[in-house]
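Summary of the model geometry
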Amino acid sequence: DLQGAAASIRANLVKNGYLIQPSKFSSNVTGTGNHLSVIAEQIKAGEYIGAKYVLFGVLTEISEITNQEKIIGTNRKMDTKGIELLVDFSLFDVESQKVIAAFSAFGKGVDRKILDADSTHEMPKARLIYKAYDSLSDNVYDNLIEQGFLSPKSSKSTSDVIPKGKLDEDSSTLIIYK
């Protein structure tokens, strides 16, 4: 379930001047089946009407980081907790129903706290997940640039960013599915 990560990815793309048409979440794409053919079938079934491209990700790994290190010369320790995500993405061209970009993206959220040697502390998982999603969205954006689909960030303001001819719709035509 990448709904939270998807929101961070959409926000990053919008922040960089791209128009996004959210689609409904498809929870039937699970297990070890061929995810690419499922998305192709959804495109044929009209689930992405008006969209030019569909970015689809499959969570391939989630890991927790836990580490405690004694701080030498004190009675304190450094407590480190984190979450790492690895997601495989495919970018579909809706018209041709072909994959035009594919990559793996990595996100990491880490938090550290200095504690007394004999104390324990639970890090808020929401903060770790937020940081991991934010990191993942930056990595997705960078991968789309590297594969030539997006233009790099410029020093211009967001309103001056011009997509590389990929999304030329007027913002008044944005369609949001719920």
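Shown above is the structure to which this text applies.
Being a predicted model, the structure only gives us computed values, none of them experimental.

About the criteria used
- Within each chain, residue numbers correspond to sequence positions counted from 1 in written order.
- Given that this is a predicted model, residues contribute local features only at a pLDDT of at least 70 and side-chain atom pairs are listed and counted only at 80 or more, while totals for whole chains, interfaces and linings are drawn from all residues.
- Neither water nor hydrogens contribute to the side-chain values; these are computed over all heavy atoms in the structure.
- Only DSSP runs of H or I covering at least 4 residues are called helices, and only runs of E covering at least 2 are called strands; the numbering of each starts at the N terminus.
- Buried means the residue's accessible area, taken with a 1.4 Å probe over protein chains only, is under 20% of the maximum for its type, while exposed means over 50%, and partly exposed covers the values in between.
- Per-residue and other accessible areas follow the Shrake-Rupley method at a 1.4 Å probe size, with only the shown protein chains counted as cover for residues.
- The contact criterion used throughout is that any non-hydrogen atoms of two residues lie within 4.5 Å.
- Any pair of nitrogen or oxygen atoms within 3.5 Å is treated as a polar contact; in protein, a donor-acceptor pairing is required on top of that, and neighbouring residues in sequence qualify only through side-chain atoms on both sides.
- Paired rings are identified among Phe, Tyr and Trp, the last through its six-membered ring, by centres lying within 6.5 Å, and are further divided according to the angle between planes into stacked (under 30 degrees), edge-to-face (over 60) and tilted (the rest).
- In this analysis, a patch consists of residues with relative accessible area above 30% that form no salt bridge, clustered at 9 Å for like charges and at 5 Å for the nonpolar side chains Val, Leu, Ile, Met, Phe, Trp and Tyr.
- Only one rule defines a salt bridge in this text: a Lys or Arg side-chain nitrogen within 4 Å of an Asp or Glu carboxyl oxygen.
- None of His or the chain ends enter the tally, which takes Lys and Arg as positive and Asp and Glu as negative.
- The atoms used to mark charge sites are NZ of Lys, CZ of Arg, CG of Asp and CD of Glu.
- For the purposes of this section, nonpolar cores are sets of buried Ala, Val, Leu, Ile, Met, Phe, Trp, Tyr and Cys residues that join through side-chain atoms within 4.5 Å.

Summing up its helical and strand segments, the chain has three helices and three strands in all. Secondary structure elements of the chain, listed N to C terminal, follow the sequence α-α-β-β-β-α. Taken over 178 residues, the chain has a buried fraction of 33%. Carbon and sulfur atoms provide 52% of the accessible area of the chain, an area that totals close to 10,700 Å².

Before going further, it helps to spend a moment on the environment of Ser135. Within the secondary structure layout, Ser135 lies in helix α3 (residues 125-146). With a relative accessible area of 24%, Ser135 lands in the partly exposed category. Along the backbone, Ser135 and Leu85 are 50 residues apart, and their C-alpha atoms lie at a distance of 9.4 Å. Setting aside anything within four residues of it in sequence, one finds Ser135 in contact with Phe106, Gly107 and Lys108. Within the structure, the side chain of Ser135 is placed 3.2 Å from the backbone nitrogen of Lys108, a separation counted as a polar contact.

With that settled, consider the packing of aromatic side chains. Applying the stated rule across the entire model yields two aromatic pairs. Where Tyr53 meets Phe149, the ring centres are 4.8 Å apart and the plane angle is 80 degrees; that geometry is what we call edge-to-face. Residue Tyr53 is located in strand β1 (residues 53-70), and its partner Phe149 is located in the segment after α3; the two are separated by 96 residues in the primary sequence. The class for Tyr53 is partly exposed, based on a relative accessible area of 22%. The exposure class assigned to Phe149 is buried, which follows from its relative accessible area of 9%. Where Phe89 meets Phe103, the ring centres are 5.4 Å apart and the plane angle is 25 degrees; that geometry is what we call stacked. Of this pair, Phe89 sits in strand β2 (residues 76-93) while Phe103 is found in strand β3 (residues 98-116), placing the two residues 14 residues apart along the sequence.

Once that is clear, we can look at the side chain of Asp79. Relative to the helices and strands, Asp79 is located in strand β2. Judged by relative accessible area, Asp79 falls into the buried class, the value being 1%. Engagement of the side chain of Asp79 in a polar contact is seen with the side chain of Gln68, the distance being 3.4 Å. Contacts of Asp79, omitting those with residues within four sequence positions, involve Asn67, Gln68, Asp111, Arg112, Lys113, Leu115, His121 and Met123.

On the surface, a cluster of negative charge is made up of Asp134, Asp138, Asp142 and Glu146. Tracing the backbone through its elements, the reader meets Glu146 in helix α3.

A separate point is the nonpolar core. One finds Leu13, Phe89, Leu136, Val140, Leu144 and Leu150 to be the most contacted residues of the largest nonpolar core, which totals 23 residues. Of all the elements in the fold, those that place two or more residues in this core are α1 (3-15), β2, β3 and α3. At seven residues, the largest contribution of residues to this core is made by α3. By size, the runner-up hydrophobic cluster in this structure holds eight residues, among which are Ile43, Phe56, Phe92 and Val94.

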